[in-house]
Amino acid sequence: MTRMSRARVARRIAAGAAYGGGGVGLVGAAAVGLLLAEVRLARRHVGNGSGGRVPVADGVYGWGSPRSSEAESGGGYGIPGEPPLRLTMLGDSTAAGQGVHRAGQTPGALLASGLAAVAERPVELRNVALPGAQSDDLDRQVSLVLSAGTPVPDICVIMIGANDVTHRMHPTRSVRHLSAAVRRLRTAGAEVVVGTCPDLGTIEPVQQPLRWLARRASRQLAAAQTIGVVEQGGRTVSLGDLLGPEFEANPRELFGPDNYHPSAEGYATAAMAVLPTVCAALGLWPEEERPDVTRREGFLPVARAAAEAASEAGTEVTAAMPTGPRGPWALLKRRRRRRVPEAEPARPAT
């Protein structure tokens, strides 16, 4: 499918989500049935070697790398007495970190450590993601995040979409739930970054031609997610490489023991792609915000930007202009990736 075709499909899905229409299916019913049968076979391997346990990574990061005499009191970074930045993870098993054994290997811990290093300020991590979750679980997760007496996070990172494809959730419904979650978080005052649906076409046990169908469905949903998120004031980062070309080339290094979830190296790759956008959303990224034409960055109609991003992992899309010659426009950025520091043990949040 060409990027222009993907842009048209993404617009139709997003429009259906916004206005309650049926939109368009990701792939034909017969193809979906075949895909699901193959994925079910593939998922029989899930849990072999991981036990399904997800490490608990909640806590404060950055306190153990002192830059002043405040180390004893947990002030490893920043101004003494300054409260930590609050980072919350929402979504499915990818956001939770299923497939690794240590808390410091989860994407939340890696992002918290990286953000603390860039901000020179402690970061308090909370993770409400649920393995196996689909987008309709985001309403429950957001309610947990915004519950009475809980401070509003400075930034929320959502990773969702793979289970929507494998469980045949209609794409318009999927995007509708995600858009509503982003709207609630943004209204409450949190910045939001969404890692869009990863490329399911590279799960090792899935064979051709179903790999092609899985890739097509994943990228269509990722593009539609981008439109919905940007319209609600969030930013997206395409996670095609989470199960994409890098993983396809190095499956033994980047997939975990179950051949489905990422390994520690795979989660580090994903965190490295998302961290620049997390920092930029908080005004902490030192790069020039203007587009760099040498890196094929620029202002595009939001649907075209979404299609471009779905084809290249690590690409950020954020709102630019609410109206233009062809509707809303977005800024497409290919931020330089920086190495994510290894996560230190977290101090429990108080």
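What counts as what
- Residues numbered from 1 in each chain as written.
- Predicted model: local features only at pLDDT ≥ 70, side-chain atom pairs only at ≥ 80, totals over all residues.
- Heavy atoms only, no water.
- Helix = DSSP H or I, 4+ residues; strand = E, 2+ residues; numbered from the N terminus.
- Expected span 1.5 Å × (residues − 1).
- Buried < 20%, exposed > 50% of the residue type's maximum accessible area, 1.4 Å probe, protein only.
- Salt bridge = Lys/Arg side-chain N within 4 Å of Asp/Glu carboxyl O.
- Axes fitted to C-alpha atoms, helices over the stretch in contact; angles between N-to-C directions.
- Parallel < 35°, antiparallel > 145°, perpendicular 65-115°, else oblique.
- Left-handed = near helix turned anticlockwise from the far one by under 90°.
- Contact = heavy atoms within 4.5 Å.
- Pairing = 2+ DSSP bridges.
- Core = buried A, V, L, I, M, F, W, Y, C linked by side-chain atoms within 4.5 Å.

A.B. asks: Mind laying out helix H11 (residues 264–281), listing which residues take part and the relevant values?
C.D. replies: Compared with the 26 Å implied by 1.5 Å per residue over 18 residues, the 25 Å span of H11 between its first and last C-alpha is a close match. Among the 18 residues that make up H11, 14 are buried, leaving the element largely enclosed by the rest of the structure. Positive phi shows up at glycine 283, right after H11, with a value of about 75°.

A.B. asks: Requested: an account of the pattern of salt bridges, with residues and values cited.
C.D. replies: Scanning all chains against the criterion turns up 10 salt bridges. Here arginine 140 makes a salt bridge to aspartate 137, at a shortest N to O gap of 2.8 Å. Classification of arginine 140 by relative accessible area gives partly exposed; the value is 37%. Between glutamate 308 and arginine 334 there is a salt bridge; the shortest N-O distance is 3.8 Å. Taken as a pair, glutamate 308 in helix H12 (residues 302–310) and arginine 334 in the segment after strand S9 (329–333) lie far apart in primary sequence, 26 residues in all. The class of glutamate 308 is buried, set by a relative accessible area of 15%. Here arginine 334 falls in the buried class, since its relative accessible area comes to 7%. Residues joined in a network through salt bridges with shared partners are Arg296, Glu308, Glu312 and Arg334.

A.B. asks: Run through the packing of helix H4 (residues 107–119) against H11, naming residues and quoting values.
C.D. replies: Angle between the axes and distance between the axes: these two values describe a pair of packed helices. Close contact between H4 and H11 brings their axes to 9 Å; oriented N to C, the two are set at 45°. Overall, the two elements H4 and H11 adopt an arrangement that is oblique. Two packed elements cross with a definite hand, and for H4 against H11 that hand is right-handed. Of H11, the residues touching H4 (which contributes Pro107, Leu110, Leu111, Gly114, Leu115 and Val118) are Tyr267, Ala268, Ala271, Val274, Leu275, Val278 and Cys279.

A.B. asks: Requested: an account of the sheet that holds strand S1 (residues 59–61), with residues and values cited.
C.D. replies: The strand order across the open sheet built from 9 strands is S1-S3-S2-S4-S5-S6-S8-S9-S7, with neighbouring strands paired in mixed fashion. Only two strands of the sheet have a single partner each, and these edge strands are S1 and strand S7 (298–301). With strand direction ignored, the average angle separating the axes of adjacent strands in the sheet is 30°. Bridge count for strand S6 (residues 235–237) against strand S8 (residues 316–321) is 2 bridges, and the pairing is antiparallel.

A.B. asks: Can you explain the environment of cysteine 197? Please cite residues and give values.
C.D. replies: For cysteine 197, the position within the fold is in the loop between strand S5 (191–195) and helix H8 (210–231). For cysteine 197, a relative accessible area of 3% translates into the label buried. For the pair cysteine 197 and arginine 219, spaced 22 residues apart in the sequence, the C-alpha separation amounts to 7.2 Å. For cysteine 197, the residues in contact, after removing those within four places along its chain, are Ile160, Gly161, Ala162, Val165, Ser218, Leu221, Ala222 and Gln225.

A.B. asks: So what about the nonpolar core? Which residues, and what values?
C.D. replies: In this structure, Leu87, Leu111, Val157 and Val274 are the most contacted members of the largest nonpolar core, which totals 33 residues. For this core, the secondary-structure elements that each account for two or more residues are strand S2 (85–91), helix H3 (93–96), H4, strand S3 (123–127), strand S4 (155–159) and H11. The dominant element in this core, judged by the number of residues it contributes, is H11, at 8 residues. Not counting the four nearest positions on each side in its chain, valine 157 is found in contact with Leu87, Thr88, Met89, Leu90, Leu111, Val193, Val274 and Val278. In this structure, Val165, Ala214, Ala309 and Leu332 belong to the second largest nonpolar core, which totals 23 residues.

A.B. asks: Tell me about the environment of histidine 101, residues and numbers included.
C.D. replies: Counting through the fold element by element, histidine 101 comes out in the loop between H3 and H4. You can call histidine 101 exposed: its relative accessible area is 51%. Separated by 45 residues in sequence, histidine 101 and valine 56 place their C-alpha atoms 9.9 Å apart.

A.B. asks: Could you give an account of the side chain of glutamine 141, with specific residues and numbers?
C.D. replies: Mapping glutamine 141 onto the fold places it in helix H5 (residues 138–145). Its relative accessible area of 0% is what places glutamine 141 among the buried residues.

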